[in-house]
Amino acid sequence: MLYIYNDFAGTHSTALAAAYHLKQLPQSERKLTKEEILNVQYFNQLTKKDFGKLLFHGIDEDGNSVYSIGRKRDKYVVPAMRELALLFHEKFHINEKLVFSNTSPTVPRAMSLGGLFSRGLNIDVIGVPLLVIGAKQCCDNIYRLVENTKHVATTSFNENVIILENEMYK
């Protein structure tokens with residue numbers, strides 16, 4: 001199975017989701033620390049040239065690959081990837097299940113503004129503190145989104161491609 005977490009930039013909420021999925025972040029009732037957030041692979045490290053690239057984060061405890069992608073505002077990226085996966089299933093009998101999970105609904109305003117300042121305008125002195133505030137605000141939602149993504153993936157046996165918009169995490 002392949003898990004692909006996606007959002008606008010692919011460098012904040014998706015990075016946190018992948019880290020939770022791979023158990024690289026602690027699961028508890030407490031908020032993440034600044035150091036934990038800033039040490040997450042790819043967190044606030046991607047640039048415009050990375051949009052649309054599938055980034056490998058690792059293999060989970062069940063042997064599943066975990067990826068992320070920044071799709072910008074293009075609402076056609078995930079459906080196009082879905083169609084390609086279905087084509088591969090049909091033509092080449094590749095039976096790998098794909099799960100696309102949208103992390104955008106978890107993103108609070110502080111994280112959006114932090115991303116704009118840090119990645120868009122290269123003003124880290126303003127952007128990074130806002131990103132940390134935003135990550136602390138949404139870490140519980142992201143964790144729940146990841147747990148739900150894994151649950152849906154293992155219970156949707158008849159579907160080869162699953163797309164989760166995750167609107168309930170707004």
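The shown structure was predicted, so the numbers you read here are calculated from the model rather than taken from an experiment.

Definitions and limits used
- Residues numbered from 1 in each chain as written.
- Predicted model: local features only at pLDDT ≥ 70, side-chain atom pairs only at ≥ 80, totals over all residues.
- Heavy atoms only, no water.
- Helix = DSSP H or I, 4+ residues; strand = E, 2+ residues; numbered from the N terminus.
- Rg over C-alpha atoms; globule rule 2.2 N^0.38 Å.
- Buried < 20%, exposed > 50% of the residue type's maximum accessible area, 1.4 Å probe, protein only.
- Contact = heavy atoms within 4.5 Å.
- Pairing = 2+ DSSP bridges.
- Axes fitted to C-alpha atoms, helices over the stretch in contact; angles between N-to-C directions.
- Salt bridge = Lys/Arg side-chain N within 4 Å of Asp/Glu carboxyl O.
- Core = buried A, V, L, I, M, F, W, Y, C linked by side-chain atoms within 4.5 Å.
- Parallel < 35°, antiparallel > 145°, perpendicular 65-115°, else oblique.
- Left-handed = near helix turned anticlockwise from the far one by under 90°.
- Nonpolar A, V, L, I, M, F, W, Y, C, P; charged D, E, K, R; others polar.

1. A short note on the overall build of the protein
Of the regular secondary structure elements, the protein holds 5 helices and 5 strands. When the helices and strands of the protein are placed in sequence order, the string is β-α-α-β-β-α-β-α-α-β. Against the compact-globule benchmark of 15 Å for 170 residues, the protein has a radius of gyration of 16 Å, which places it among compact chains. Projected onto its principal axes, the C-alpha coordinates of the protein cover approximately 50 × 35 × 25 Å. Of all 170 residues assigned to the protein, the portion counted as buried reaches 47%. Restricting the contact set of the protein to residue pairs at least 6 apart, pairs at least 24 apart contribute 69%.

2. Section: the sheet that holds strand 4 (residues 98-102)
Taken together, 5 strands build an open sheet; the order of strands is 2-3-1-4-5 and the sheet is mixed. With partners counted over all chains shown, the strands left at the sheet margins are strand 2 (55-59) and strand 5 (161-164), one partner each. Adjacent strand axes in the sheet meet at a mean angle of 20° when their direction is disregarded. Pairing of strand 2 with strand 3 (residues 65-70) involves 4 bridges; the strand directions are antiparallel. Across the sheet, the residue bridging to glycine 58 is valine 66, located in strand 3. Packing against the sheet, helix 1 (residues 13-21) makes contact with strand 1 (2-7), strand 2 and strand 3, and its axis sits at approximately 150° to strand 1. On the sheet, helix 3 (residues 77-92) packs against strand 1, strand 3, strand 4 and strand 5 and is oriented at approximately 165° with respect to strand 5.

3. Observations concerning the pattern of salt bridges
Scanning the entire structure with this criterion turns up 8 salt bridges. Two residues, arginine 82 and glutamate 83, come together in a salt bridge whose shortest N-O distance is 2.9 Å. The class of arginine 82 is partly exposed, set by a relative accessible area of 30%. Note that glutamate 147 and lysine 150 form a salt bridge whose closest N and O atoms lie 3.7 Å from each other. Here glutamate 147 and its partner lysine 150 are both found in helix 5 (residues 124-155), 3 residues apart, which amounts to about one turn of the helix. Judged by relative accessible area, glutamate 147 falls into the partly exposed class, the value being 29%.

4. Let's talk about the nonpolar core
Membership of the largest hydrophobic core comes to 34 residues, with the highest contact counts inside it found for Leu16 and Phe43. For this core, the secondary-structure elements that each account for two or more residues are strand 1, helix 1, helix 5 and strand 5. The element that contributes the greatest number of residues to this core is helix 5, accounting for 11 residues. If we skip the residues at most four places from it in the chain, phenylalanine 43 touches Thr11, His12, Ala15, Leu16, Ile37, Leu38, Leu131 and Ala135. Counting 9 residues, the second largest nonpolar core, distinct from the first, contains Val77, Met81, Phe100 and Val161.

5. With respect to the packing of helix 1 against helix 5
Their axes nearest at 9 Å, the elements helix 1 and helix 5 cross at an angle of 55°. Taken together, helix 1 and helix 5 sit at an angle that is classed as oblique. Where helix 1 crosses over helix 5, the handedness of that crossing is right-handed. Touching Ser13, Leu16, Ala17, Tyr20 and His21 of helix 1 are Ala135, Cys139, Ile142, Tyr143, Val146 and Lys150, all from helix 5. When grouped by side-chain class, the residues that make up the contact of helix 1 with helix 5 number 8 nonpolar, 2 polar and 1 charged.

6. Describing the environment of lysine 23
Position of lysine 23 among the secondary structure elements: in the loop between helix 1 and helix 2 (34-38). Looking at lysine 23, the relative accessible area reads 54%, which means it is exposed. Through-space distance from the C-alpha of lysine 23 to that of glutamate 61 is 8.7 Å; in sequence the pair is 38 residues apart. In contact with lysine 23, other than residues within four places in its own chain, are Glu61 and Lys150.

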